[in-house]
Amino acid sequence: MGASAADLDLRRRHLTVEEIEPRACRECGSADLTREQDVLDTWFSSALWPFATLGWPDDTPDLRAFYPGDLQTTAREIIRLWENRMIACGLELLGELPFRDVIIHPTLLARDGRRMSKSLGTGVDPLDVIAEYGADATRYGLLKLSSSQDVRFSTEAIVEGRRLANKLWNVSRLLLQAGGGEVEPRPATVEERWVLARIDATRAELESRLAAFDFAPAVQALYHLTFDEFCDWYAEAVKPRLYERDADAVATALAALERLLALVHPFMPHLSEEIWSQLPGRTTRLIVARWPEPQGEYAADAHALDRVRAAATVFRRAGVAPTGLDDDERRIFDAVVRPGRTPAGADAEAERARLRAEIARAEAMLANDRFRERAPAAVVGAERDKLARYRSELAAIGG
Amino acid sequence: MALGDDLVPMDGTPMQSRYDPRGVEERWQRMWEAEGLYAAHADDARPAFVDAHPPPNVTGDLHMGHALQLALGDAIVRQKRMQGYNVLFQPGFDHAGISTQAAVERQLEREGTSRRELGREAFEARVWDWLHEYGGRIMTQFRRVGASMDYRRERFTMDEAYTRAVMRCFVHLYRKGWIFHANRIINWCPYHETSLSDLELVHADADDTLTTIRYPLADGDGHIAIATARPATIPADVAVAVHPDDERHRALVGRHAIVPFVERAVPIVADARVDAGFGTGALKVTPAHDAVDFEIGRDHGLPEPIVIGPDGRMSDAVPALAGMTQQEAAEAVLDWCAARGLLERREPIRHPVALCERCARRIEPLISPQWWCSMDELKRAAIAALEARDVRFHPETQHRFAIRSLAEAPDWCISRQLWWGHQLPIWTCGDGT
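Rules behind the numbers
Residues numbered from 1 in each chain as written. Chains lettered and ligands numbered in written order. Predicted model: local features only at pLDDT ≥ 70, side-chain atom pairs only at ≥ 80, totals over all residues. Pairing = 2+ DSSP bridges. Helix = DSSP H or I, 4+ residues; strand = E, 2+ residues; numbered from the N terminus. Axes fitted to C-alpha atoms, helices over the stretch in contact; angles between N-to-C directions. Contact = placed C-beta atoms within 7 Å. Buried ≥ 20, exposed ≤ 12 C-beta atoms within 10 Å, placed from the backbone. Expected span 1.5 Å × (residues − 1). Core = buried A, V, L, I, M, F, W, Y, C linked by C-beta atoms within 7 Å. Domains from an automatic or database assignment. Parallel < 35°, antiparallel > 145°, perpendicular 65-115°, else oblique. Left-handed = near helix turned anticlockwise from the far one by under 90°. Nonpolar A, V, L, I, M, F, W, Y, C, P; charged D, E, K, R; others polar.

A few points about the sheet that holds strand S8 (residues 223–228) of chain B
Pairing between sheet strands relies on hydrogen bonds along the backbone, with the strands arranged either parallel or antiparallel.
Residue and element names in this part refer to chain B.
Link 1 in the chain: Spatial strand order, S8-S7-S13: three strands in an open sheet with antiparallel pairing. Each edge of the sheet is formed by a strand with only one pairing partner; in this case those strands are S8 and strand S13 (343–356). On average, each strand axis in the sheet is tilted by 20° relative to the strand beside it, whichever way the strands run.
Link 2 in the chain: By the bridge criterion, 13 bridges tie strand S7 (residues 201–216) to S13 in an arrangement that is antiparallel. The residue of S13 that forms the bridge with aspartate 208 is isoleucine 349.

So this is what it looks like as structure tokens:
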């Protein structure tokens, strides 16, 4: 850019630029010095945050241990003002990048789509939300909402977090009240091997979701594991043995709970630590416990409950009793669904006919080249899932 | 680590029948911190994992954006801690120049005094007092979210040690030749009397009047009509610009027009930045008071007279208008035009204007001598690192935005006319000024 006449006057001045106050002008030796009145843009010091916090410009043990760093989280309107300048200054002054990954998180909008602002009266105070629902539920809800770049705030996701917290608390009481002193997986039944396999599958999913900074699917996976699989199926199925104080069942249940709590901890740290402290023989806190190692030995049973779960779906929907379940499946079905308490007398043949029709419809759609090629992948995938579900439901009632 | 005797709750303590997070969460937050489980140690042999969390404003309160940011960062660092990393989740505050200064100035106003009455040194002392009393509340709120930061390591961008880093960086960039002093157009807040970055502005629609005024041609009969929402700036006009493809005005390019009120002959120039669809398609060029006009002026080598002062009122550059508000000056200029038959039309216009985020007053685009940091060299290595994906923004769309925004990064206006902040380490001498 060109300079103006006024710029030429600025350039004629003698400037002395030093880290500490100089005694004399660098150019003419004059001791009559005046400091510039202006201060620096706030973002100038922010640009040094990843290393000025560690003692730079001194060569400190902290700087050597913790620079370069790893992660940054910020909003997209700060990229130009801050992230870019931290990267540029880190490279220029230290010769190394200050971090490897930058998560650009969504902008939270008010429920009506306007920006959250105290002056507009559209802000929601997170401390109020935490006071009402707890920090864990709030954290869960915010992560659940973080799936796209512009998110309207709603308390529903936070209420879901509270529901998850309550469910986990209640199932933990059930397992802990069985009074076991051991925490060790000694699975004797299919549902125990199955839940250990499900926990391990979710561990793997959480690792890959967090590595990709995909938080919404991560908390959803956790919700599904805790609510549907751990509580509604495993805990219900194993309950009779817990009531009998079966030592193997209790030890296995506490081992499964221990692993589940570890997976929950990064998202809902307080609740998970509180329950963890009730487990027998604690010598560490959960916050510094080991993240679960892969546990492949139960993987063969990861789908062992598919058929009985399909049977439960059909039974709950149409009242049709399953046929062809094996002894384990029958026992699990009875323990979980408790069919005696549900009025039966439904029309099995009509339900089979309905499922056959659905299967035929889904098969026809998926056989259609135009549909497979033109519909969004998620729609085609959902249709495939539906077809698989209908088939297993039909199989469960002898179709 | 082994647990102490104060461990609560432990085996045997009955679990309440319904989970109530109140009390439980605060208890764990205190215990984790007291037991040193948030701490990071430089002599820990395990691999480090570091998240230098964005420092909130020292005067600020937790908002939902902070809570989300903490939920994301804390989920990652807690998992990493469990995976055996020596985790440093770094806490601290930003000194937040303008908002901190404004908060203390409000207090001084209530006391019937002002920063100018106090003087710079006493004012800075007041800011520190104020911060000791009210500042930093937000770190308690971070704790309440459960953020597992090493709070012993709290840093503040105005700490002595941090300030040393700022000075080192400034001198480094200056000696590289990248920091310079120049008159350029900036965002000026007439209330806070400082330059502002684009981020410190808010944009809103305003209802104004669009006035069409005839500028007589200097050589011969006829005129060229311009449309403006800011007649008060007419005395600072140095050209009339039209789009090079605009047939209506093509014949006038290269001739001269007379600026009303100051009766100065200025050139009619062609420039592609003119929006031919706005008003008459002819733009009055006022380099000192409009960002686009400033660019046009520099490219055409035009002078940059300034008629609005730092307080937003008319400066004494035009004696007849000196000290007037812009509204008063606009009326004076329009009366002058009307008396000479140059006032063609007035009509309502709704258009976007920039406001100061803090005081909601309109921003004055103003030419002012400021300190700049050239990004040309500084950004080169950063762009290369981003392109090599040595650092990655997530999601991918934001990675591309980061590269683009770096490539386009203009010179950075690094000076602010405030008292609270890092004073520039530049001294001038009496002999040299």
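Alright, that's what it looks like, and here's the rest.
Looking at the interface of chain B and chain A
Link 1 in the chain: Counting residues at the interface gives 111 residues for chain B, matched by 115 residues for chain A.
Link 2 in the chain: When residues in the side of chain B that touches chain A are grouped by element, the largest group, 14 residues, is from helix H2 (residues 64–82) of chain B.
Link 3 in the chain: Where strand S1 (residues 15–17) of chain A lies against strand S18 (residues 426–429) of chain B, three bridges are found, and the strand directions are antiparallel. Each residue of the ladder has a partner; that of valine 17 of chain A, found in S18 of chain B, is isoleucine 426 of chain B.

Structural notes on the pairing of strand S12 (residues 282–285) of chain B
Residues and elements named next belong to chain B.
Link 1 in the chain: Neither face of S12 is left uncovered, since the one carrying Ala282 and Lys284 and the one carrying Leu283 and Val285 both have all their residues buried.
Link 2 in the chain: Pairing between strand S9 (residues 239–242) and S12: four bridges, direction antiparallel. Bridge pairing in S12 places alanine 239 opposite valine 285.

Comments concerning the sheet that holds S18 of chain B
Link 1 in the chain: Here we have three strands laid out as an open sheet, ordered S1(A)-S18(B)-S2(A), and antiparallel in their pairing. Across the chains shown, the open sheet's two edge strands, defined by having one partner strand only, are S1 and strand S2 (33–35) of chain A. On average, adjacent strands in this sheet sit at an angle of 35° to one another, irrespective of strand direction.

Describing helix H17 (residues 377–396) of chain A
All names here are of chain A.
Link 1 in the chain: With 20 residues, H17 extends 29 Å between its outermost C-alpha atoms, agreeing within 8% with the 28 Å of an ideal straight helix rising 1.5 Å per residue.
Link 2 in the chain: Looking at the packing, one finds that the buried side of H17 touches helix H13 (306–318) and helix H15 (348–367).
Link 3 in the chain: Two residues or fewer past H17, glycine 398 is found with a positive phi of approximately 75°.

Some thoughts on the nonpolar core
Link 1 in the chain: In terms of nonpolar packing, the biggest core is built from 215 residues, with Leu48, Leu143 and Ala253 of chain A together with Val166, Val240 and Ala241 of chain B touching the most fellow members.
Link 2 in the chain: At 13 residues, helix H11 (residues 247–264) of chain A tops the list of elements feeding residues into this core.
Link 3 in the chain: Apart from the residues within four sequence positions on either side, valine 166 of chain B is in contact with Leu40, Phe44, Ser45 and Leu48 of chain A together with His422 of chain B.

Thoughts on unusual backbone geometry
Link 1 in the chain: Backbone torsion omega between tryptophan 56 of chain A and proline 57 of chain A reads 15°, so that peptide bond is classified as cis.
Link 2 in the chain: By secondary structure assignment, the location of proline 57 of chain A is in the loop between helix H3 (49–52) and helix H4 (61–66).
Link 3 in the chain: With an omega dihedral of 0°, the bond running from histidine 394 of chain B to proline 395 of chain B counts as a cis peptide bond.
Link 4 in the chain: Here proline 395 of chain B is to be found in the loop between strand S15 (392–394) and helix H11 (396–407).
Link 5 in the chain: Phi is positive for glutamate 193 of chain B, close to 50°, though the residue is something other than glycine.
Link 6 in the chain: Here glutamate 193 of chain B lies in the loop between strand S5 (179–189) and strand S6 (194–196).
Link 7 in the chain: Unusually for a residue other than glycine, glutamate 263 of chain B sits at a positive phi of about 45°.
Link 8 in the chain: Inspection of the secondary structure assignment puts glutamate 263 of chain B in the loop between strand S10 (256–259) and strand S11 (264–270).
Link 9 in the chain: Residue class for glutamate 263 of chain B comes out exposed when judged on the 10 C-beta atoms lying within 10 Å of it.

What to know about the domain arrangement of chain B
Link 1 in the chain: Once the domains are mapped, chain B shows domain 1 (21–152), domain 2 (159–178 + 374–423) and domain 3 (199–364).
Link 2 in the chain: For domain 1 of chain B and domain 3 of chain B, the distance between their C-alpha centres works out to 47 Å.

Looking at the packing of helix H8 (residues 156–176) of chain A against H11 of chain A
Relative placement of two packed helices is described by the angle separating their axes and the distance separating the axes.
Residue and element names in this part refer to chain A.
Link 1 in the chain: Where H8 meets H11, the closest approach of the two axes is 10 Å, and the angle between their N-to-C directions is 155°. With respect to H11, the axis of H8 lies roughly antiparallel. Between H8 and H11 lies a crossing whose hand is left-handed. When H8 is examined against H11, the residues Leu168, Ser172 and Leu175 are found in contact with a partner set consisting of Ala253, Leu254, Leu257 and Val264.
Link 2 in the chain: Class assignment for the residues of the contact of H8 with H11 results in six nonpolar, one polar and no charged.

Things to note about the environment of valine 336 of chain A
Residue and element names in this part refer to chain A.
Link 1 in the chain: Note on placement: valine 336 falls in helix H14 (residues 327–337).
Link 2 in the chain: Counting along the chain gives 104 residues from valine 336 to aspartate 232, while the straight-line C-alpha distance between them is 7.4 Å.
Link 3 in the chain: Ignoring sequence-local partners within four residues, the contact set of valine 336 consists of Trp233, Glu236, Ala237 and Ala312.

Regarding the environment of glutamate 18 of chain A
Link 1 in the chain: Residue position: glutamate 18 of chain A is located in the loop between S1 and S2.
Link 2 in the chain: Overall, glutamate 18 of chain A belongs to the partly exposed group, with 15 C-beta atoms counted inside 10 Å.

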